[in-house]
Amino acid sequence: MLTKPENSPDGERARDVCSRHGNRADELIEILHEVQEELGCVPQSVVPVIAKAINLSRAEVHGVISFYHDFRHEPAGRHVVKICRAESCQSMNGEALCDHAKASLKTGFGETTADGQVTLEAVYCLGNCALSPAMMVDGQLHGRVDAGRFDEILRETLSEAAE
Ligand code: FES
């Protein structure tokens, strides 16, 4: 027999998170952040559980998840590379950086490399506009990133992890 999403371990944890937030719809963003922290992502299967707990429709919960680029349905890779696609970075050749990142990682935004090492994400301003184009790797901010610098940072990140 199939386990209902609300009775799966992920569903139970999502329900606990909702209940810690008083099952309040206006706490949805906090709930999603907490679920992602606990489960590594917001799996599709917990969307109906959250919706039911806080009395919203599934579409409303989906809408919030897809609007905020921070939330993902699949667990991230070992490293998370966020590239800024907002105006200032765009005007400083940010699109070329995006193209280079996608080509060299052979992955698109919101996706993880085949070896599970790197998840590539788009973000909209990292608060580092003066040093555009900017990116963040595993929470560390980098500015004035071009293709060469991108390769260097990635090489360092992957080799540090291998040590
Ligand atoms: S626009 Fe890219 S850091 Fe602000």
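Model, not experiment: these values are computed from the prediction.

Quick notes on the rules
Residues numbered from 1 in each chain as written. Predicted model: local features only at pLDDT ≥ 70, side-chain atom pairs only at ≥ 80, totals over all residues. Heavy atoms only, no water. Helix = DSSP H or I, 4+ residues; strand = E, 2+ residues; numbered from the N terminus. Expected span 1.5 Å × (residues − 1). Buried < 20%, exposed > 50% of the residue type's maximum accessible area, 1.4 Å probe, protein only. Arc of directions from axis to C-beta. Pairing = 2+ DSSP bridges. Phe/Tyr/Trp six-rings, centres within 6.5 Å; stacked < 30°, edge-to-face > 60°. Contact = heavy atoms within 4.5 Å. Axes fitted to C-alpha atoms, helices over the stretch in contact; angles between N-to-C directions. Parallel < 35°, antiparallel > 145°, perpendicular 65-115°, else oblique. Left-handed = near helix turned anticlockwise from the far one by under 90°. Nonpolar A, V, L, I, M, F, W, Y, C, P; charged D, E, K, R; others polar.

Participant: Provide a residue-level description of unusual backbone geometry, including the pertinent values.
Facilitator: The phi torsion of most residues other than glycine is negative, and most of the peptide bonds are trans. Backbone torsion omega between Ser132 and Pro133 reads -10°, so that peptide bond is classified as cis. Mapped onto the elements of the fold, Pro133 is located in the loop between β3 (118-123) and β4 (135-137). For Asn55, which is not glycine, the phi torsion reads 65° and is therefore positive. On the secondary structure map, Asn55 appears in the loop between α3 (47-54) and α4 (58-67). The residue Asp138 is not glycine, and still its phi comes out positive at about 50°. Looking at the element boundaries, Asp138 is found in the loop between β4 and β5 (140-142).

Participant: Go over helix α6 (residues 94-105), please, and point to the residues and values.
Facilitator: Residues lying three or four places apart along an α-helix face the same way, a consequence of the helix completing one turn every 3.6 residues. Helix length check: α6 (12 residues) gives 16 Å between terminal C-alpha atoms against 16 Å at 1.5 Å per residue, within 8%. Buried within α6 we find Gly94, Leu97, Cys98, Ala101 and Leu105. Along α6, the residues classed as buried sweep out an arc of 100° about the axis, all on the same side. Following α6 by one or two positions, Lys106 has its phi on the positive side, about 55°.

Participant: Explain the pairing of strand β1 (residues 79-84) to me, using residue names and the numbers behind them.
Facilitator: A regular strand carries its side chains on alternate faces of the sheet. The buried fraction of β1 is high, at five of six residues. As judged from the six bridges shared by β1 and β3, these two strands associate in the parallel manner. Residue pairing across strands places His79 opposite Val118, the latter belonging to β3. Sheet analysis places β1 next to β4, joined by three bridges and oriented antiparallel. Residue pairing in the sheet places Lys82 in a bridge with Met136 of β4.

Participant: Can you tell me about the packing of aromatic side chains, naming the residues and giving the values?
Facilitator: This model, assessed by the stated rule, comprises two aromatic pairs. Here Phe67 and Tyr68 contribute two aromatic rings whose centre-to-centre distance is 5.1 Å and whose plane-to-plane angle is 85°, an arrangement assigned as edge-to-face. Each ring, one from Tyr68 and one from Phe71, has its centre 6.3 Å from the other, and the planes form 75°; the classification is edge-to-face. Assessed through its relative accessible area of 7%, Phe71 is described here as buried.

Participant: Tell me about helix α2 (residues 28-39), and please be specific about residues and values.
Facilitator: Between its first and last C-alpha, α2 extends 16 Å over 12 residues, near the 16 Å set by a 1.5 Å rise per residue. Every buried residue of α2 is listed here: Leu28, Ile31, Leu32, Val35, Gln36 and Leu39. Each buried residue of α2 lies within a common arc of 130° when the element is viewed along its axis, so the set occupies one face. Tucked inside the fold, the buried residues of α2 contact α1 (9-20), α3 and α4. The first or second residue beyond α2 is Gly40, which carries a positive phi of 85°.

Participant: Help me get a handle on the packing of α1 against α2, residues and values and all.
Facilitator: Each pair of packed helices can be summarised by the angle the axes make with each other and by the distance between the axes. Contact geometry for α1 and α2: axes closest at 10 Å, N-to-C directions at 140°. Of the possible angle classes, the one that applies to α1 and α2 is oblique. Between α1 and α2 lies a crossing whose hand is right-handed. Contacts from Asp10, Arg13, Ala14, Val17, Cys18 and Arg20 of α1 reach α2 at Ile31, Glu34, Val35, Glu38 and Leu39. Classifying every residue of the contact of α1 with α2 by side-chain character gives six nonpolar, no polar and five charged.

Everything listed here is a matter of coordinates, which is why it stays silent on function.
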